[in-house]
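Residue-level listing of the chains:
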Amino acid sequence: MTTTTPGRPHPMQSELDGPTRVGLYRTMVLIRTFEEAIRRDYYADKGPGFDIGKGLVPGEMHLAAGQEPVAAGVCAHLTADDAVTATHRPHHFAIAHGMDLTAMAAEIFGRETGLGHGRGGHMHLFDPSTHFSCSGIIAEGYPPALGQAFAFRHQGTDRVVVAVTGEGAANQGAFHESLNLAALWKLPVVFVVEDNEWGISVPRSASTSVHSNATRGVSYGIPAERIRDNDVEAVHLAASQAVARARAGEGPTLLEVHTLRLWGHFEGDAQGYRGDLDDVPARDPIPTYRTTLSAAGLLDDATAQQISDEASARVEDAVTFAKESPLPDPADAGAYVFA
Amino acid sequence: MTIIEQPVDTAPQSSHRLTTSKAMVEGIEIEMARDPSVIYLGEDVGAYGGIFSSTAGLLDRFGPERVLDTPISETAFIGLGIGAAVEGMRPVVELMFADFMGVCLDQIYNHMAKIHYESGGNVRVPMVLTTAVGGGYSDGAQHSQCLWGTFAHLPGMKVVVPSNPYDAKGLMIAAIRDDNPVVYMFHKGVMGLPWMVKNARATADVPEGEYTVPIGEAKVVRPGSDVTVVTLSLSVHHTLDVAETLAADGIDVEVIDLRSLVPLDRETILRSVGKTGHLVVVDEDYQSFGLSGEIAATITDVDPGMLRAPVARVANPDTPIPYSHPLEYAILPRQDRIEAAIRRTVSR
C-alpha cells in the first residue's frame, strides 16, 4: 500500500475549509519568523570572522526554514497530550506542536529560564507539557517514540506519537528496528521522514538505494506514502489519515515528505556542494502558499500583514525574554545529572 | 523452574533459601504485583524465562502484556523502555549480555542517561536496564565481559552489581523504585544456575516480602585488620575463599563488596583503608582506565599517606577474554592471583 501523492490537481481544489488553510499558513509564518530571528541573533556577534562558540547563540544551529509545511501539516492533528520526537533540526515541529516560545528561545540562548535550564540547547529541547523531545543523533529519536506509544496504549488512551527523522536517517539501523517493532506491536506511531534531499552535503541519490522511503515502510507491513510536493495541504491530508489510524489502534503509518532545506545544513554552511542553490528561493513554500490562499480569496494583503505582525510580536517577545534572562550559575553545572 | 509464590505485603521476618536468580526474580515479582506500571521486556524473557533465569515464572503470573519477548533489536526495545519511562511507566529492560552494548549504546548513554540532565530535571527516566556479565565458562571474547567500568564511566545512570541472593533482591526492588535509570549487572557465576559452576554462597537465606538494599552503599562482607580488598560481583566470592585460606596464616583480610558503582561508596573504602593501610582491588573488568584505578584514586585523592604499600590491582590484564579454559583462567582474577596479590601487599 505504497502510494506517491502527486499533489492536488489544482491548488484551488482544497478539501480543507478556509480557517484551517489560513491556520496552516499562520503556523508556517510563525515558524519562519522564529527561524529568521534566531538566524539574525546567531550571526549578530560571531565576529570578527566566524567563531562558532561565540555569541548570544553559540554552537551548531540547524534551522528548518523551508520545512514548515511538514510540521504544520502533521501537528495540526495533534493535541498537547500527543507526543512528538524530532531531530537535530527541531524548531518547526516544536512550534507547530505548541511549545512555549519563551522557554524555547531561552533554552536556545542558553539561559536559566530555558526548558532545560541551559543544559540542553537547540538539539535537546524537552517539554513535558507538550510531550516534545528531540535528539541530535540521527534516527535515534524513533526508539523512544515507540515507548511513548506503548505507554499511551498501555494506559488505555488514544494518544499518538509522531516520530520525525530526515531521509538520511532512513539508512540507520535504529530506523529499521523501530519500523519493525512498531508494526509488530501495532503501536500508535506516525513516522515522518523529511526528505530535504541532503544529508549535510551528500545528496539523497548518493545515500539511498530506493527512490521512496515509503517502500521501506511497506516492507515492514506499514502503510506508507510519499508526498512529492512540499505542500502543506497534501501533508495535512495524509497526516489526517495516519493519525486517525494510530488513534483507532490500527498501528503505525509512514509518511515521507519531499521538502526543502532552504538554508544550509547548519548556519555557516556555505553549501558549495549544492548545485541547486539558484533554484531554491523560488521553491520557498511560504510565498507559494500565500499566493494559493490569496487566489482562493482567503488571504488579502492586510490579513497577511496582520499574521506576519502577530508572529513577529510573539517571536520578539520570546527573544527579548531570552536575552534578558540570566545565564545559569557555573557552580550549578553538575545539577540534574540525577533526579 | 517455579517461582515461590509469596504474598506481596509479608513483613520480612521469615526467610527462605533462594538462589541469586530466584531472589532477583522475586524482587521483580514483588514490584510487578505492587505497581502495574512495571513491565519487563527483552529477548527470551517470556516462555524461556531469561537465558540466565532472570525472569523465570514472570510470564505465567503477569501475562504477555507485561512480560514481553522482543525482536533482536536492542536499539529499538531499549529506546522503547526509555520512552515508556518518560511517560510514567517503570520498565525493566534486559540486555541479554552486557557485551551487546555495542549495538545499542546510543540509546543507553546518549538518551537513557542524559535526558534528565538535558531537560534540566524536567523529564525523568525511571527504568532499569538488566544485563548479564562475566566469564569463566568459555563463552569467548564477545559473551564474557563485565564492562561495568564503561557504564559507570558514562554519567547519568546508576550502576549496581549484586553478588548474592540478598542483595540481588534488595537492589532490584530499590532499582525499580528509583527515579533514575539504573543498570543492574548480574554475573552469570553468582546466579546459582544449575548448568554452571556455583559458588557456595549462590544459595542463601533471603527475607520474604519486600525490602530494599540502598543503592550507593557498599558492604563490609568480612571484617579484617591487615589488608582491605575492594571487589564486587563474583570476585567477592573468590576473595572470601582466599581470606579463609589466609586467616590460617595469620593474615586478616577485610573484604568490601561494592554492590553499587554509581554512586560509589567512597566513605566505606576510605574508612577501611584508613584502618588497614593496605589496598588490593579485585576487578574482573579490564584493568586500564577502569574501576581499579578509580578505587586507587579514591585513596590518593584524599590522603596517599594512608597507604603503607602500593595499591595492588588484580584485574583482566587488558586482554580480550580467551575461549580455551586455561587461557581464560589465566586472565580472570581467580583465587591464585588474588592470594598472591594480598600476600605481596601485606609483606611490604
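Residues numbered from 1 in each chain as written. Chains lettered and ligands numbered in written order. Predicted model: local features only at pLDDT ≥ 70, side-chain atom pairs only at ≥ 80, totals over all residues. Heavy atoms only, no water.

Attention now goes to the overall build of chain B. Helix and strand counts for chain B stand at twelve helices and 14 strands. Its C-alpha radius of gyration of 20 Å places chain B within 12% of the 20 Å reference for a compact globule of 348 residues. The principal-axis extents of the C-alpha atoms in chain B amount to approximately 60 × 45 × 40 Å. For chain B, buried positions account for 64% of its 348 residues. Across chain B, every contact between residues at least 6 apart in sequence was considered, and the portion connecting residues at least 24 apart equals 81%. Of the roughly 12000 Å² that chain B leaves accessible, carbon and sulfur atoms contribute 53%. If you average the places of the 27 positive and of the 44 negative side-chain charges in chain B, the two averages end up 5 Å apart. (Helix = DSSP H or I, 4+ residues; strand = E, 2+ residues; numbered from the N terminus. Rg over C-alpha atoms; globule rule 2.2 N^0.38 Å. Buried < 20%, exposed > 50% of the residue type's maximum accessible area, 1.4 Å probe, protein only. Contact = heavy atoms within 4.5 Å. Areas by Shrake-Rupley, 256 points an atom, 1.4 Å probe, with all protein chains shown as cover. Lys, Arg positive; Asp, Glu negative; His and termini not counted. Charge placed at Lys NZ, Arg CZ, Asp CG, Glu CD.)

Let's shift gears to the packing of helix α1 (residues 18-44) of chain A against helix α9 (residues 285-295) of chain A. Residues and elements named next belong to chain A. One can describe the packing of α1 onto α9 by two numbers: an axis separation of 10 Å at closest approach and a directional angle of 155°. Considering their axes alone, α1 and α9 lie roughly antiparallel with respect to each other. Between α1 and α9 lies a crossing whose hand is left-handed. In this structure, α1 contributes Arg21, Val22, Leu24, Tyr25, Met28, Val29 and Arg32 to the contact, and α9 contributes Pro285, Ile286, Tyr289, Arg290, Thr292 and Leu293. Of the residues assigned to the contact of α1 with α9, the class counts are nine nonpolar, one polar and three charged. (Axes fitted to C-alpha atoms, helices over the stretch in contact; angles between N-to-C directions. Parallel < 35°, antiparallel > 145°, perpendicular 65-115°, else oblique. Left-handed = near helix turned anticlockwise from the far one by under 90°. Nonpolar A, V, L, I, M, F, W, Y, C, P; charged D, E, K, R; others polar.)

With that settled, the discussion passes to the sheet that holds strand β10 (residues 227-231) of chain B. All names here are of chain B. The strand order across the open sheet formed by five strands is β9-β11-β10-β13-β14, and the pairing between neighbours is mixed. Strands at the two margins of the open sheet, each flanked by one partner only, are β9 (219-222) and β14 (312-316). Neighbour-to-neighbour, the strand axes of the sheet open up by a mean angle of 25°, direction not taken into account. In this sheet, strand β11 (residues 253-257) lies alongside β10 in parallel orientation, the contact comprising five bridges. Residue pairing in the sheet places valine 230 in a bridge with isoleucine 256 of β11. Here helix α12 (residues 335-346) sits on the sheet and contacts β10, β11, β13 (279-286) and β14; the angle it forms with β14, its principal contact strand, is near 165°. (Pairing = 2+ DSSP bridges.)

Our next topic: the interface of chain A and chain B. Counting from both sides, the interface comprises 37 residues of chain A and, opposite them, 40 residues of chain B. Taken over both partners, the interface formed by chain A and chain B buries close to 3100 Å², and the fraction arising from carbon and sulfur atoms is 66%. Linking chain A to chain B there are one salt bridge. The closest approach of N and O atoms between A:Arg159 and B:Glu87, which form a salt bridge, is 3.9 Å. Looking at the side of chain A that touches chain B residue by residue, the classes come out as 21 nonpolar, twelve polar and four charged. (Buried area = accessible area lost by both parts, 1.4 Å probe. Salt bridge = Lys/Arg side-chain N within 4 Å of Asp/Glu carboxyl O.)

What follows deals with the pattern of salt bridges. Residues and elements named next belong to chain A. A complete count under the given rule lists 39 salt bridges over all chains for this structure. Ionic pairing is found between glutamate 256 and arginine 226, a salt bridge with its closest N-O pair at 2.7 Å. With glutamate 256 in strand β9 (residues 253-258) and arginine 226 in strand β8 (residues 224-227), this residue pair connects regions lying 30 residues apart in the sequence. Classification of glutamate 256 by relative accessible area gives buried; the value is 0%. The class for arginine 226 is buried, based on a relative accessible area of 10%. Here aspartate 276 and arginine 274 are joined by a salt bridge, their closest N and O atoms 2.7 Å apart. The burial state of aspartate 276 is the same as that of arginine 274; both residues are buried. Because the salt bridges share partners, they merge into one network encompassing Arg40, Asp41, Glu316 and Lys323.

What follows is about the side chain of B:Ser21. One can find B:Ser21 in helix α1 (residues 20-34). Excluding its chain neighbours within four sequence positions, the residues that come into contact with B:Ser21 are B:Phe52, B:Ser53, B:Met191 and B:Leu193.

It is worth spelling out the packing of aromatic side chains at this point. According to the stated counting rule, one finds twelve aromatic pairs over all chains in the structure shown. Ring centres of A:Tyr42 and A:Tyr43 lie 5.4 Å apart, and the angle between their planes is 85°; on these two criteria the pair is classed as edge-to-face. Judged by relative accessible area, which is 0%, A:Tyr42 ranks as buried. Among the residues examined, A:Tyr43 registers a relative accessible area of 37% and is labelled partly exposed. Between the aromatic rings of A:Tyr42 and A:Phe50, the centroid separation amounts to 6.2 Å while the plane-to-plane angle is 50°, which identifies the pairing as tilted. Ring pairing ties together the aromatic residues B:Phe52, B:Phe97, B:Phe100 and B:Trp195, which thus form one cluster. We note A:Arg39 situated over the ring of A:Trp263; from NZ or CZ to the ring centre the distance is 3.9 Å. Residue placement shows A:Lys46 over the ring face of A:Tyr42; its charged tip is 3.9 Å from the ring centre. (Phe/Tyr/Trp six-rings, centres within 6.5 Å; stacked < 30°, edge-to-face > 60°. Lys NZ or Arg CZ within 6 Å of the ring centre and 35° of its normal.)

This part covers the side chain of A:Glu140. Along the chain, A:Glu140 falls in the loop between β3 (132-134) and α5 (142-154). Buried within the structure, A:Glu140 lacks any salt-bridge partner; its nearest side chain of opposite charge belongs to B:Lys114, at an N-O separation of 12 Å. Within the local environment of A:Glu140, its side chain forms a polar contact with the side chain of B:Gln107, the two groups lying 2.6 Å apart. Discounting residues that sit within four places of it in the chain, A:Glu140 has contacts with A:Ser135, A:Ala174, B:Thr75, B:Asp106, B:Gln107 and B:His111. (Polar contact = N/O pair within 3.5 Å; in protein donor to acceptor, adjacent residues only side chain to side chain.)

What follows concerns the sheet that holds strand β7 (residues 182-187) of chain B. All names here are of chain B. Pairing is mixed in the open sheet, where seven strands are placed in the order β3-β2-β4-β5-β7-β6-β12. A strand with exactly one partner marks an edge of an open sheet, and here the two such strands are β3 (67-69) and β12 (260-262). Strand-to-strand, the axes of this sheet are offset by a mean angle of 20°, without reference to chain direction. By the bridge criterion, three bridges tie strand β2 (residues 38-42) to β3 in an arrangement that is parallel. Residue pairing for β3: leucine 41 is matched across the bridge by leucine 68. Seen against the sheet, helix α7 (residues 165-177) touches β2, β4 (90-97), β5 (128-133), β6 (158-160), β7 and β12 and runs at an angle of roughly 160° to β7.

Counting residues in hydrophobic clusters, the biggest one holds 82 residues, and the most contacted among them are A:Phe191, B:Ile78, B:Phe151 and B:Leu258. The residues that make up this core include at least three from each of domain 1 (15-207) and domain 2 (219-346) of chain B. Those residues within four positions of B:Phe151 in sequence are excluded, and the remaining contacts are B:Ala98, B:Met101, B:Ile108, B:Leu129, B:Met157, B:Val159, B:Val183 and B:Met185. A:Ile227, A:Ala239, A:Val243 and A:Ala322 belong to the second largest nonpolar core, which has 71 residues in total. (Core = buried A, V, L, I, M, F, W, Y, C linked by side-chain atoms within 4.5 Å. Domains from an automatic or database assignment.)

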